[in-house]
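# Fold and geometry: a report
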Number of protein chains: 4
Amino acid sequence: MTALSPEILNTLEKQTIELPSWAFGNSGTRFKVFTTPGTPRDPFEKVADAAQVNALTGLAPSVALHIPWDLVDDFDALRRHAEGLGVRLGTINSNAFQDDDYKFGSLTSADDTVRRKAIDHHLACIDVMDATGSRDLKIWLADGTNYPGQDDMRARQDRLHESLTEIYARLGDEQRLVLEYKFFEPAFYHTDVPDWGTSYAQVSALGDKAMVCLDTGHHAPGTNIEFIVMQLLRLGKLGSFDFNSRFYADDDLIVGAADPFQLFRILVEVIRGGGLNNPDVAFMLDQCHNIEKKIPGQIRSVLNVQEMTARALLLDGDALAAAQKANDVLAANAVFMDAFQTDVRPALAQWRESRGLPADPMAAYAACGYQEKIEAERVGGVQAGWGA
Amino acid sequence: MTALSPEILNTLEKQTIELPSWAFGNSGTRFKVFTTPGTPRDPFEKVADAAQVNALTGLAPSVALHIPWDLVDDFDALRRHAEGLGVRLGTINSNAFQDDDYKFGSLTSADDTVRRKAIDHHLACIDVMDATGSRDLKIWLADGTNYPGQDDMRARQDRLHESLTEIYARLGDEQRLVLEYKFFEPAFYHTDVPDWGTSYAQVSALGDKAMVCLDTGHHAPGTNIEFIVMQLLRLGKLGSFDFNSRFYADDDLIVGAADPFQLFRILVEVIRGGGLNNPDVAFMLDQCHNIEKKIPGQIRSVLNVQEMTARALLLDGDALAAAQKANDVLAANAVFMDAFQTDVRPALAQWRESRGLPADPMAAYAACGYQEKIEAERVGGVQAGWGA
Amino acid sequence: MTALSPEILNTLEKQTIELPSWAFGNSGTRFKVFTTPGTPRDPFEKVADAAQVNALTGLAPSVALHIPWDLVDDFDALRRHAEGLGVRLGTINSNAFQDDDYKFGSLTSADDTVRRKAIDHHLACIDVMDATGSRDLKIWLADGTNYPGQDDMRARQDRLHESLTEIYARLGDEQRLVLEYKFFEPAFYHTDVPDWGTSYAQVSALGDKAMVCLDTGHHAPGTNIEFIVMQLLRLGKLGSFDFNSRFYADDDLIVGAADPFQLFRILVEVIRGGGLNNPDVAFMLDQCHNIEKKIPGQIRSVLNVQEMTARALLLDGDALAAAQKANDVLAANAVFMDAFQTDVRPALAQWRESRGLPADPMAAYAACGYQEKIEAERVGGVQAGWGA
Amino acid sequence: MTALSPEILNTLEKQTIELPSWAFGNSGTRFKVFTTPGTPRDPFEKVADAAQVNALTGLAPSVALHIPWDLVDDFDALRRHAEGLGVRLGTINSNAFQDDDYKFGSLTSADDTVRRKAIDHHLACIDVMDATGSRDLKIWLADGTNYPGQDDMRARQDRLHESLTEIYARLGDEQRLVLEYKFFEPAFYHTDVPDWGTSYAQVSALGDKAMVCLDTGHHAPGTNIEFIVMQLLRLGKLGSFDFNSRFYADDDLIVGAADPFQLFRILVEVIRGGGLNNPDVAFMLDQCHNIEKKIPGQIRSVLNVQEMTARALLLDGDALAAAQKANDVLAANAVFMDAFQTDVRPALAQWRESRGLPADPMAAYAACGYQEKIEAERVGGVQAGWGA
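Residues numbered from 1 in each chain as written. Chains lettered and ligands numbered in written order. Predicted model: local features only at pLDDT ≥ 70, side-chain atom pairs only at ≥ 80, totals over all residues. Heavy atoms only, no water.

An unreviewed UniProt entry lists chain A under the name L-rhamnose isomerase, with Microbacterium horticulturae as the source organism.

### Observations concerning the overall build of chain A
Along its length, chain A carries 14 helices and 10 strands. Compactness check: chain A gives a C-alpha radius of gyration of 21 Å against a globular reference of 21 Å for 388 residues, within 12% of the reference. Principal-axis analysis of the C-alpha atoms places the extent of chain A at approximately 60 × 55 × 40 Å. Residues classed as buried in chain A amount to 70% of the 388 residues present. Of all intrachain contacts in chain A linking residues separated by at least 6 positions in sequence, the fraction that spans at least 24 positions is 78%. For chain A, the exposed area adds up to about 12000 Å²; of that, 50% sits on carbon and sulfur atoms. Each charge class in chain A can be summarised by its mean position, and for the 36 positive and 55 negative side chains these summaries are 1 Å apart. (Helix = DSSP H or I, 4+ residues; strand = E, 2+ residues; numbered from the N terminus. Rg over C-alpha atoms; globule rule 2.2 N^0.38 Å. Buried < 20%, exposed > 50% of the residue type's maximum accessible area, 1.4 Å probe, protein only. Contact = heavy atoms within 4.5 Å. Areas by Shrake-Rupley, 256 points an atom, 1.4 Å probe, with all protein chains shown as cover. Lys, Arg positive; Asp, Glu negative; His and termini not counted. Charge placed at Lys NZ, Arg CZ, Asp CG, Glu CD.)

### What about the sheet that holds strand S9 (residues 238-243) of chain D?
Residue and element names in this part refer to chain D. A sheet is described by the order of its strands in space; here 8 strands give the open sequence S1-S2-S3-S4-S6-S8-S9-S10, paired in parallel fashion. Pairing within the sheet leaves two strands with one partner each, and these edge strands are strand S1 (19-20) and strand S10 (282-285). Summarising the sheet, strand S4 (residues 136-139) and strand S6 (residues 176-180) pair through 4 bridges and their orientation is parallel. If you follow aspartate 136 over to S6, its bridge partner there is arginine 176. Against the sheet, helix H4 (residues 112-132) touches strand S2 (62-66), strand S3 (88-93), S4 and S6, its axis set at about 150 degrees to S4. (Pairing = 2+ DSSP bridges. Axes fitted to C-alpha atoms, helices over the stretch in contact; angles between N-to-C directions.)

### Quick word on the interface of chain D and chain A
Taken together, the contact pairs 30 residues of chain D with 30 residues of chain A. For the pair chain D and chain A, the summed buried area comes to about 2300 Å², and 58% of that belongs to carbon and sulfur atoms. When the buried surface of chain D facing chain A is broken down by residue, Leu330, Gln341 and Arg345 of chain D rank first, second and third, together holding 27% of it. Taken together, the connections running from chain D to chain A amount to 2 salt bridges. With a shortest N-O distance of 2.8 Å, arginine 345 of chain A and aspartate 338 of chain D are connected by a salt bridge. Taken together, the connections running from chain D to chain A amount to 4 residue pairs in polar contact (both at pLDDT 80 or more). (Buried area = accessible area lost by both parts, 1.4 Å probe. Salt bridge = Lys/Arg side-chain N within 4 Å of Asp/Glu carboxyl O. Polar contact = N/O pair within 3.5 Å; in protein donor to acceptor, adjacent residues only side chain to side chain.)

### Let's talk about the pattern of salt bridges
Between side chains of opposite charge, a pair can form when the charged atoms approach closely. The tally for this structure, following the rule as stated, stands at 136 salt bridges over all chains. In this structure, the salt-bridge partner of glutamate 185 of chain D is arginine 30 of chain C, at a minimum N-O distance of 2.9 Å. Here arginine 30 of chain C lies in the loop between strand S1 (19-20) and helix H2 (43-57) and glutamate 185 of chain D lies in the loop between S6 and strand S7 (190-191), a pairing that spans two chains. Classification of glutamate 185 of chain D by relative accessible area gives buried; the value is 16%. Using a relative accessible area of 16% as the deciding quantity, one classes arginine 30 of chain C as buried.

### Notes on the relation of the copies chain A and chain C
With an RMSD of 0.0 Å, the operation that places chain A on chain C is a rotation of 180 degrees combined with a shift of 0.0 Å along the axis. The superposition of one copy onto the other is thereby described by a two-fold rotation axis. The position closest to the rotation axis in chain A is occupied by the C-alpha of glycine 197 of chain A, lying 2.1 Å away. The residues that chain A uses at the interface reappear at the interface of chain C in 100% of cases, marking a shared surface. (Least-squares fit on C-alpha atoms with pLDDT ≥ 70 in both.)

### Observations regarding the interface of chain A and chain C
Listed per partner, the contact involves 51 residues of chain A and 51 residues of chain C. Of the roughly 4100 Å² buried between chain A and chain C on both sides combined, carbon and sulfur atoms contribute 60%. Counting the surface chain A buries against chain C, the share from its top three residues, Arg154, Phe227 and Arg234 of chain A, is 16%. Inspection of the region where chain A meets chain C yields 4 salt bridges. In this structure, aspartate 158 of chain A engages arginine 234 of chain C in a salt bridge whose closest nitrogen and oxygen atoms are separated by 2.7 Å.

Structure (structure tokens):
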């Protein structure tokens, strides 16, 4: 069995991956949202499910919220609820895409009333952050257009800057704004923040507390994502990750499920650029468990990130540097692939047990009765989903 | 003004494009379905809206139905309603993707009960066809998987063949089955009918009454769609088109909106292969008017197809053949582009007027008061959409 | 016939498009470079061919050179040769990809000797610029790797910055450096300047005389290129265009041949952002005429840009703004498409004649005897190509 | 250490992967072909290099030839040379893309003289097959066009059928024709055999001795290649593989280097469909070692295929079937991933040693002195490449 050094284990012990509350609710496609027994009906139940993931993996001590999906009357109560379950409330995600007002844009809207409403929503999100103790406001904008000529892309970009400036000004000293980019969807001609360059240019114009959020599913086909990771770390502007995986578009599948080697390469660049266990670079999941069970889907996901991090940490930097220096393409690639191909799962299982965690968190979840319990208890009410 | 010859006008006069009933209902993305005033609440209102498109353009004499979205107690009544408005009921589209049973497949399902239900649904669709006098049963399957290993792709393909065989056997002598393929969505790892080759292999195994349906938005990035049009016509298996356009994935935008030159090239191949005004090759729209008004969206669409057909008919075949024979790449391309770049709109407007149609159907619709009328009248009830 | 206003004609009269000397030499794919009769053997002949394009179109008064392909002993002689033919020497393109030394990189190389050589090559290019009076040094780097792990992407990025800093320091007050980005090829895993964001970050770190060069064929599938045009103009960093078109990768086809509507949209954004006839934004072709005749290939190309510019200038800004303000998606798109669909060719032909140019430059070239002359005269010697 | 069962080892022992002679010659991109010391100057030296790969891996007992690159006066001598080195001559690859005559097509050409020449070339290739004892004639066509309208796609398709019919008729009873498809390159608008559907339709029209060749690098972005493997095996028409890998286009990188999980999935479907160690389904490499050493590049490649085959053989079919039957998405995926993530390298090394092969063929090659020997000996002459 491949051994993991104390140094590697020490590094892995510090790793944390934030869970999105909405991953525990129902999600789907425009064709159908399938419901599943046991799905939470409110933010308290979502947090409880997230806590279950953390209890079994030790990897997920915080839960990101989505406003207004996770609006509660008393955020302090939600905070205490979370803490009582061993987790804390994390990033606040704004939502300016589900009101009819936002049909043609939110922070980019030419309609002052709509734009005001969208800005105010973000200011309200910062109020929530003050209440929850959250550090990050994550902004993903659905803004864009479906037809050439539909709107003035340049003016929208300028208005986006103005809107962000006002939101940025409201941030507390310890708070940050992270701006996510996305290639397309729900807009099908142009998206107002379609690529890392745009997000980088926008946040650079704001200041040090504004950073880029990289969602691994938000790129054009064939994009070398680890290059962008490298570049943003180099430029000091990588604020957070939304991990997931995709074969085609923004499929939001389980991270590591579609191209595990890509996840490995991303983590190698994270480590190379000093982004691992760096508080400035938040790790988060953003996934949709459309057809699989949600809690084990999240367990599988954080384990995938952990396993691939372990492999990336195994990379023999000295051997790699020597092969690179010699321009020995095959030797360099061999060193690189050797780390990827090493099976770290037995060593990780052993290490988990040594820390009082289950060796196999997936099996432990299946055996613990939690799923049966929530399926039995959560009857009636409205299951949480993207619209609720 | 470029003149259109009597021969071209005669050809254009015969052109018909079927409208999808669901284009008049609400549609959207997984993020949000925006509602619009005046949206139909039932199939009768959808047919009325479709008839409006036909009245103003003379291009759309039939309406495709979607079962169960357009299920009515009395299809004979719906048929007479349509005929009273100058249109007829057309293709019947099955739907095996919105019941919870179909979470893991329909015609491909390994669960005999589910597969039986899906087959029976298609048999029931043929009953509807008998009632409506429809010729074509269009099958688009959402079947597929999200994760490698989730199911056995080969066994699913075999079961698909078995299911289709049973459905095919139920077809009347004058009825057909058209099998649509789609690259991805809603399944994100594999789709059971992902490409024209699969659809072709499946329908070829059934018989002469089974054909391929080509949706212009259902291909991998960069695919040369007109080549597929050519090939399917050559193989005698192009049964119908679902027209729309896309920049990224299955965006379902207005046909001709994203890449008008591609639409031109497709129509050139249709004409070249004998597919224009050929009853065996049905023209249909399949679009989502997520943010634009639906009735004028459909008017714009059929006009786009008509305009591009006119340009394609202008192609100087003799000059093209001569340049091709001489391997004069630039001359051949010039002949080709000349047809594309000719502005046929004034001539078409004049011709429309000569036939008692409005010169500008878009303006005529805006002026006719229909939109105001439906917005005022259609209050209350549940607006039609993909889920209804 | 659609009329072009005096204002539009006045704008068109100022338009210039630089021709690449290498477009007149042979080019091809890794599979085969086909030769053509009459191909130039040296830079003087290339310039003569380029002058022919300008003589017939009035659109192409300058010729870009490629060093070392266009190295001559006496640049002053080449300059006078050009001026005698009515054109001038333009952008200098460096080449750090054809020496065996550059197998693993040039400006990014970890080998100090190689990197020194690459920097010196660029300094020598600036010497050429001093001799030719050229303003722009265009840097397209083939640097990248083929295999994950082959080299350290981050260190390469830092070395690139260092190399560019040294080159930038050598620029004269009126000289500029434009850095081109490219998605992939000839490197197949990572490219050191793969996207506009990287080019933007690199040139921003240099200073005001460093700008981004946008080659229309150098993007991932589906990329909204006009958005990037908008963004770079907004950021004040769009230095030049390399025009061409593509269906798949960097196909280097004739501009406007693959997606004329995309070219229209790009030119609309150029005009919107103040980039038309703006000396800071150079228009240039970068194409390969692998199978078609090269001189008429270039004539066709500059005409395509001119025609599409005329269409873009026809865009009714007031009507568009009104429709956009009203969120009338269909009306805004209609205004936009109306400009695109208007056939400006007759008006342009008439206008050309009024200026003493041939109404149909393609026909004029075919009739003028130049092609026959060069095919007869240019016998013997080595035809120019990418390797010479 | 994971053990490989006797059954698996027995299966692996039978596995063979054919090497392409041209992988040992120089290759590159349109920008540059880098030369490497020791590159073969003739087919005899290529075969010698290929034999070295087989000697160290036991995996590659045959060498594919490319005509005319590998034309020799005495094929019997070449055959004996190969046999003396422990390998045999395999598939014959035709080449109808490097003569000036083929600029506008070969088997699809409208010019009868050119088409005759192309057909005759293929008949001559079958003569070579008779001399070498080869079974398969592999046809990859570069035919296509660069511009819409350049030629008549339908007529070309019909002529292709006629040409193939004549070639097919010349095949001996034990000989086969395999027709390769490719998405694009060197043609940039349309390719005459662009997808599996076209290849399938063409070979189906010929007869049982005509099959499809699947090159793993010849698909549109995002294509699910293992689905095509499944489908062609199901249809009984998968004749051979050209293995390589790609990030972008037809990059021709080392198989398994870009997406090892994809290679795993392909091999799972090969096994599922009965294609492993099935004489009807030939495994072959088709790669370009542009910057890495060629012989170890080939060694690495066959080892990658072997390792991934071993992982695919580890797949627990019973557990997978049970999870699939239960629609337990996560369990099914876990079984699938478990096989992929198991490190089979130590077991394979041990097994190699037990068979008298080096445990680490890469290290063995580096140590054996062959590379130094050929670099010293192969001085002078013209290195083999695509043009020679």
